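What follows is each chain in one-letter form.
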Amino acid sequence: MRSATPWSDVVSYLVEATGETLYMVGVSTVIATAFGIPVGVWLQLTAPGGLRPAPVLHRVLGFITDLGRSMPFIVLLVALTSVTRLIVGGSIGSTAVIVPLAVGAIPFVGRLVQNILSEVHVTVVEAAVTTGASTLRIVRSVLIRESLPALINAIGVTVIALIGYSAMAGVIGGGGLGDLAIREGYQRFNDRILWSTVAWLAVLTTLIQLGFTRAARASDRRRHASV
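Quick caveat, the model's predicted, so the values are computed rather than measured.

1. Side note on the pattern of salt bridges
What the rule picks out here adds up to four salt bridges. Residue Arg183 is joined to Asp179 by a salt bridge in which the shortest nitrogen-to-oxygen separation is 3.0 Å. One end of the pair is Arg183 and the other is Asp179, both in helix α8 (residues 176–186) and four residues apart, which spans about a single turn. Classification of Arg183 as partly exposed rests on a relative accessible area of 36%. Members of the salt-bridge network, linked through shared partners, are Asp66, Arg69 and Arg111.

The structure is reproduced here in structure tokens:
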């Protein structure tokens, strides 16, 4: 009968895998945010009733965004293998997983951002327009500023989603907590590692969500004004 893995070893495995997961998710979140926010802004600007209505461009951009969002991550992971190998020189490991994570998250962030910006009250935007402000200034000083708490929460939602995606990457040796749960826990019938990883994933996502929720509240100017 196989002896149980010592708890000290379990903790060591979890620490290393957590570092890999945070690395993958952190870098891919930065990339997805950098590209996803402009996508969301363009979706909102070109929408009917937007500051720069462009029906054809809006439909094309919306179609591409929705197509990217509808792609199952495990399929995207396999489909981008050649692209990943070209960019990072390999298709296995934490760095390689960043490519499909970022590609899958960009349309996700874009649609979230568009939905958030569309909730900004029209009178606020109209007031900025009447002052003669440029489109870029309205986007930066009105749409983004008014939506900042919701945008922070959206990034938090993206991080949580990417943690789940990164766990799927463990199926092909992507590293991180998902790889640990599958390779050391499931495939080697090590229940202590498997369930410890599952429990830690739950704790980790809860802590991250709590952090983003507090950051969103801290950035809410309306809440501070009412205190």
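Continuing now.
2. Focus on the side chain of Thr158
Within the fold, Thr158 resides in helix α7 (residues 135–168). Those residues in contact with Thr158, other than ones at most four positions away along the chain, are Ala105, Phe108, Val109 and Leu112.

3. Thoughts on the packing of helix α6 (residues 122–130) against α7
Here α6 crosses α7 at 165°, and the two axes come no closer than 11 Å. When the interaxial angle is binned, α6 and α7 end up roughly antiparallel. You can see that α6 and α7 cross each other, and the crossing is right-handed. Here Val124, Val125, Ala128 and Val129 of α6 come into contact with α7, specifically with Ile138, Val142, Leu143 and Glu146.

How each quantity is defined
Residues numbered from 1 in each chain as written. Predicted model: local features only at pLDDT ≥ 70, side-chain atom pairs only at ≥ 80, totals over all residues. Heavy atoms only, no water. Salt bridge = Lys/Arg side-chain N within 4 Å of Asp/Glu carboxyl O. Helix = DSSP H or I, 4+ residues; strand = E, 2+ residues; numbered from the N terminus. Buried < 20%, exposed > 50% of the residue type's maximum accessible area, 1.4 Å probe, protein only. Contact = heavy atoms within 4.5 Å. Axes fitted to C-alpha atoms, helices over the stretch in contact; angles between N-to-C directions. Parallel < 35°, antiparallel > 145°, perpendicular 65-115°, else oblique. Left-handed = near helix turned anticlockwise from the far one by under 90°.

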